[in-house]
Every structure is written in C-alpha cells, then in structure tokens.
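Listed here are the chains, written in short residue letters.
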Amino acid sequence: MNTTVRPEPPVGYRWAVLLFISLAMFGNYYLYDTIAPVADLMKSQLGFTDERIGLLYSAYSWGAVLILLPGGVFIDRYGTRKATMLFGVLCAIAGFLTFSDNWYVMLAGRTLLSAAEALIVAITAAIAKWFRGKELAFAMGINLTIARLGQIAADWSPTWMRGAYDNWKEPLVIGAFLGMTCVVGAVVYWILEVRAEQRYTLAQAGGTDKLVLADIFRFNRSFWIITALCVTFYAIIFPFRSFAIKYFIEAHAAERDFAGQLNSVLPFAAMIATPLFGLLVDKIGKRATLMAVGTLLLLPVFPLLAYTQLTLYVPVAMLGIAFSLIPAIMWPSVAYIVEQNRLGSAYALMFLLQQAIIAGVDWLVGRLNDNALASAANPAGYLPMLWVFTLLGAMALAFAFMLWRYETGPQGHGLETIKA
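Owing to the predicted nature of the structure, the values given are computational and were not obtained by experimental measurement.

K.L.:
In this structure, what is going on with the overall build of the protein chain? I would like to understand it.
P.N.:
The helix and strand tally for the protein chain stands at 17 helices and zero strands. Expressed along its principal axes, the backbone C-alpha trace of the protein chain runs to roughly 80 × 55 × 35 Å. Put simply, of all contacts in the protein chain between residues at least 6 apart along the chain, 82% involve residues at least 24 apart. Carbon together with sulfur atoms contributes 67% to the accessible area of the protein chain, which is approximately 17,500 Å² in total.

Written out as structure tokens, the structure reads:
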C-alpha cells in the first residue's frame, strides 16, 4: 500500500492559481460596465431611450435572480473547476451577443451575462480550497482588487481607447474580446488544478451560499434591518453608476473621458479604502454607528448634484467613501448576528433581494429620464432620477438609525462593542 503523503501546493503555485482565477473575475466585471460609457451614443446613434439602457442592466439582475440558486447546486455537484469553465464561457458569449445591432439579441446577451454571479460564487469557493487560515481573507481581498480593476478599466476606456468612441459599437466589440479573459482564466485554472491534483494535497472547496427556505422564518430583527439597508444602499449605487457617465456628460457638460474617470472613483475607492475601514471597525467596533455615518453621507450627494455648481469631485468623493465604508461593515456584521449554519442562506437571500430591487430601479430611473426628456438640451430632466436616489438614501438612513437603536438596546447583539 502506498502511504506517501503528498505535500501541499507551494506558495508560488497557489498565488498563480489566484492570479488566473481572478483574471476571470476581471473579465466579467469589465463586461458588466461596458454599457455606461456608450449610453449616450446608443441614444444618439441607435435611438435608444434611457428605459432601454436601464433594461440592459435590469436584464442582468433578473438573470442573476434566476441563476444564483441552480448555479450554487451546479458548483456543489460538479466542482469549482467545471463551474468556473462553464460560467466563464457563458460570460464570454454574452459579451459577443451584446454588440449585436438587434435589440433582442443585445438584451439576451446582458441576461446571459448574469452567469457572472454564479462565476463569482464558484471562484470564491475555489479560493477557499486553495487558501486557508489567515491567508484566505487576504487572498479574497486580492481577488476583489483584480476584479474591480475590470470596472476601473471599463470606466477609463474613453481615455485609453479614445479613438473607439466615435460610435457605440466599437467599444463593445473591444470589450467582448477583453471579456475572453473569463475563459482564459478558467482554462489556466483548470490546467493548474488538474496538475496540482496529481502532485499535491488540496483542501475541499469552500461551501457556496445556498438559500434554505425554512431559514427565512428564523432570521432575527437585526438581520432584516441590515438586509433592508443593503437593498436600499445598492439600489442607489449600481443604478446611479449605470447612468452616471451619461448624466455627467449631458447635465454637467463633462468630457467623456473625465466622466468615465469620475465613475471609476467608486470601485477605486472600494479597492483602497474598504480594507482600511474593515481594519478600523475591527479595532474600535461601533459597527451600527459607522453604518449610520456612511448612509448619512449619501443623503446630500444627489441634491448637491442637482442644485449646486459645486465641483463634481465633492459629491462623487462622498459617494466613494460611503461605498467603501458601508460594505466594509455590513457584510461582516451579518456573520455576528446570524448562526453559522444559516449564514449561507442569509447571504444568498440578501444577494437575491439586492438583485431583484436593482433590476426594478434601473428600469424605473430610465423610464423617469425618458418621461422628463432628460438630455443635454434639458439637464433638468434628470431631477426625478436624482430624487429617487435621494429618497432611497433617506430610507437607507432610516434603516441605519433603526439598526443603531436596536443594537444599542438590551435586545441587540452588541454590534457596537464587538471587536475582532
């Protein structure tokens, strides 16, 4: 009997796996954000309404709601390697469908791109298989940083490929080829893992977030308040990013490259500041208070954009701080108030509700822009959109205040005092 114990993969090998599997994340993040920089060109060259542009984002979110549950089952049954390959290929195909001249094919492409949500779950589970202990959090942080570079590259594309923006189609074609990194990353990860299985000892894949329906009735009050805060917060951030470049160009006369750079502030801030805010809250606690501070920053952002001539840097910076601060506290806080055996259901439920509401808000603000005739000739037509975001910000602040009151009361879970 051969009792040879195989060694664990070398450090360099594991980080090579992380690099290439994160490359797949870079691709799907880039593809998601290819529409925003050409939104005004779609309007002028294709006759698209803002409602149609909103629907291109809504289609992704609707697809995400449908794919998250069966995607998790597929990952558990067939493993992270096959799942990463399947969902990476689907994302790449989606990129090529999206630059079609046919509206329905384009819409189908954006719907198919929702496979990115299952790809993210598969990659997260794979990272947990390759990294253990203290390395895991750092590895996931590096993974998210590489992924957000995809968002930043898309936002900056009017700068680094300025010549492609004479028409709406060429940037999407280039984006589709960049989206092939979803497949390249998956293929190299497959090769590295097959080779590693022959030489090294690998851990089991990390569990995926599954929604167990019975768990819904067992979640506590703090969880539901945080979920409400999560939904309202992301219903501001992502739909605003959908229209931000077009809004900056038409309502504030910004150049396309500058508008893209402004839109990149949010993912760039999240890359840098979110880990730092995480370290801060682990050190001092005050989780409910700091979430309230973050939502308070949201409230004046859109009135400032609507009614003042203040430099765009100020409201965008406030949005960037909120986008870094709130997630750094919100997601870890769930682990403190939900039992470990129901944590997967908790996160899955939050993701599903988040995507469902984002889909509705993307469509709604596009429809409002059309009804108000929002354009460069009528910048005031964007006011209804900005007031929707302001109202959602007020709701988020109300939920944050409710959480603070409850968690500082006798029935709370001590989020104000918990430190890592």
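K.L.:
Any chance you could explain unusual backbone geometry here in plain terms?
P.N.:
Trans is the common state for peptide bonds, and a negative phi is the common state for residues other than glycine. At A253, a residue that is not glycine, the phi angle is positive and equals roughly 55°. Locating A253 in the fold gives a position in the loop between α10 (221–252) and α11 (256–263). A positive phi is found at L373, a non-glycine position, where the angle reads about 55°. Counting through the fold element by element, L373 comes out in the loop between α16 (343–371) and α17 (383–407).

K.L.:
Help me understand the pattern of salt bridges in this model?
P.N.:
Opposite charge on two side chains makes pairing possible when the charged atoms of those side chains draw close. As enumerated under the stated definition, the model contains twelve salt bridges in all. Across the pair R367 and E51 runs a salt bridge whose closest N-O atoms are separated by 3.7 Å. In this pair, R367 is assigned in helix α16 and E51 in helix α3 (residues 50–98), connecting sequence segments 316 residues apart. A salt bridge links D257 to R162; its shortest N-O distance comes to 3.0 Å. Within this pair, whereas D257 is found in helix α11, its partner R162 is found in the loop between α7 (157–160) and α8 (169–178), the two being separated by 95 residues in sequence. Given the relative accessible area of 15%, D257 is considered buried. Through salt bridges that share partners, R81, K129, E193 and E197 make up one connected network.

K.L.:
When you look at the side chain of T227 in this model, what are you seeing that I'm missing?
P.N.:
Here T227 is to be found in helix α10. What makes T227 buried here is its relative accessible area of 3%. In contact with T227, not counting residues within four places along its chain, are M350 and L353.

K.L.:
Would you take a moment to explain the nonpolar core for this structure?
P.N.:
Where a protein is soluble and globular, its nonpolar side chains tend to be buried together. Core analysis: the biggest nonpolar cluster contains 127 residues, and M42, F223, Y234, F248, F302, V334 and F389 have the highest contact counts within it. When residues of this core are assigned to their parent elements, the largest contribution, 18 residues, is made by α10. Setting aside its immediate chain neighbours within four residues, F302 contacts I236, F240, L319, L386, F389 and T390.

K.L.:
I tried to follow the packing of aromatic side chains on my own but got confused; where do I start?
P.N.:
Think of a pair of aromatic rings as described by two things: how far the centres are apart, and how the planes are tilted against each other in angle. As enumerated under the stated definition, the model contains 30 aromatic pairs in all. Consider the rings of F238 and F323, whose centres lie 6.4 Å apart with planes at 85°: the pair is edge-to-face. Note that F238 is positioned in helix α10 and F323 in helix α15 (residues 313–337), a separation of 85 residues in sequence. Residue classification places F323 among the buried positions, given a relative accessible area of 4%. Summarising the aromatic geometry, the rings of W331 and Y347 are spaced 6.0 Å apart at their centres and angled 45° between planes, so their arrangement reads as tilted. Taken together, the residues W331 in helix α15 and Y347 in helix α16 connect sequence positions 16 residues apart. The two residues W331 and Y347 agree in class, both being buried. Three or more aromatic residues joined by ring pairs form one cluster here, namely F233, Y234, F238, F323, W331, Y347 and F351. Sitting over the ring of F48, R52 keeps its end group 5.5 Å from the ring centre.

K.L.:
Quick question: what am I supposed to make of empty space enclosed by the protein here?
P.N.:
A water-sized probe, rolled over the atoms, reveals where empty space remains. In total, this model carries three cavities of 30 Å³ or more according to the counting rule given. Size it by volume and the second largest cavity reaches roughly 50 Å³. If you trace the second largest cavity, you find it lined by L31, T34, A94, G95, T98, R110, L113, L172, G175 and A176. Elements represented by at least two residues in the lining of the second largest cavity include exactly α3 and α8. The residue inventory of the lining of the second largest cavity, partitioned by class, reads five nonpolar, four polar and one charged.

K.L.:
It is not clear to me how the packing of helix α1 (residues 11–32) against α3 should be interpreted in this structure. Could you clarify?
P.N.:
For any two helices packed against each other, the geometry is given by the interaxial angle and the distance between the axes. Contact pair α1 / α3: the axes reach a minimum separation of 12 Å and the direction vectors enclose 170°. Accordingly, the angle class assigned to the pair α1 and α3 is roughly antiparallel. Remark: the crossing between α1 and α3 carries right-handed chirality. Only Y57, Y60, T84, C91 and G95 of α3 make contact with α1, whose side of the interface consists of I21, N28, L31 and Y32.

K.L.:
Honestly, helix α5 (residues 115–130) in this entry has me stumped. Any pointers?
P.N.:
Every α-helix carries 3.6 residues per turn, so stepping three or four residues along brings you back to the same face. With 16 residues, α5 should reach 22 Å at 1.5 Å per residue; the first-to-last C-alpha distance of 23 Å fits that figure. Taken across its 16 residues, α5 has 14 buried, putting it largely inside the fold.

K.L.:
Teacher, can you tell me more about the packing of α11 against helix α12 (residues 265–284) here?
P.N.:
Close contact between α11 and α12 brings their axes to 4 Å; oriented N to C, the two are set at 35°. Contacts between α11 and α12 involve Q261, L262 and N263 on the former and, on the latter, V265, L266 and P267. Split by residue class, the contact of α11 with α12 holds four nonpolar, two polar and no charged.

K.L.:
Explain the environment of V265 here, please?
P.N.:
Mapped onto the secondary structure, V265 falls in helix α12. You can call V265 partly exposed: its relative accessible area is 28%. Separated by 52 residues in the primary sequence, V265 and A317 place their C-alpha atoms 7.3 Å from one another.

K.L.:
Please explain the environment of V388 as it appears in this structure.
P.N.:
Assignment of secondary structure puts V388 in helix α17. Given the relative accessible area of 17%, V388 is considered buried. Sequence separation of V388 and I236 is 152 residues, and the distance between their C-alpha atoms is 8.5 Å. Not counting chain neighbours up to four residues away, the residues in contact with V388 comprise L364, V365 and L368.

The rules behind the values
- Residues numbered from 1 in each chain as written.
- Predicted model: local features only at pLDDT ≥ 70, side-chain atom pairs only at ≥ 80, totals over all residues.
- Heavy atoms only, no water.
- Helix = DSSP H or I, 4+ residues; strand = E, 2+ residues; numbered from the N terminus.
- Contact = heavy atoms within 4.5 Å.
- Areas by Shrake-Rupley, 256 points an atom, 1.4 Å probe, with all protein chains shown as cover.
- Salt bridge = Lys/Arg side-chain N within 4 Å of Asp/Glu carboxyl O.
- Buried < 20%, exposed > 50% of the residue type's maximum accessible area, 1.4 Å probe, protein only.
- Core = buried A, V, L, I, M, F, W, Y, C linked by side-chain atoms within 4.5 Å.
- Phe/Tyr/Trp six-rings, centres within 6.5 Å; stacked < 30°, edge-to-face > 60°.
- Lys NZ or Arg CZ within 6 Å of the ring centre and 35° of its normal.
- 1 Å grid on protein atoms, 1.4 Å probe; cavity = no way out; pocket = protein on both sides within 12 Å on 5 of 7 lines; lining within 4 Å.
- Points joined across faces, edges and corners; volume = space filled by probe spheres on them.
- Nonpolar A, V, L, I, M, F, W, Y, C, P; charged D, E, K, R; others polar.
- Axes fitted to C-alpha atoms, helices over the stretch in contact; angles between N-to-C directions.
- Parallel < 35°, antiparallel > 145°, perpendicular 65-115°, else oblique.
- Left-handed = near helix turned anticlockwise from the far one by under 90°.
- Expected span 1.5 Å × (residues − 1).

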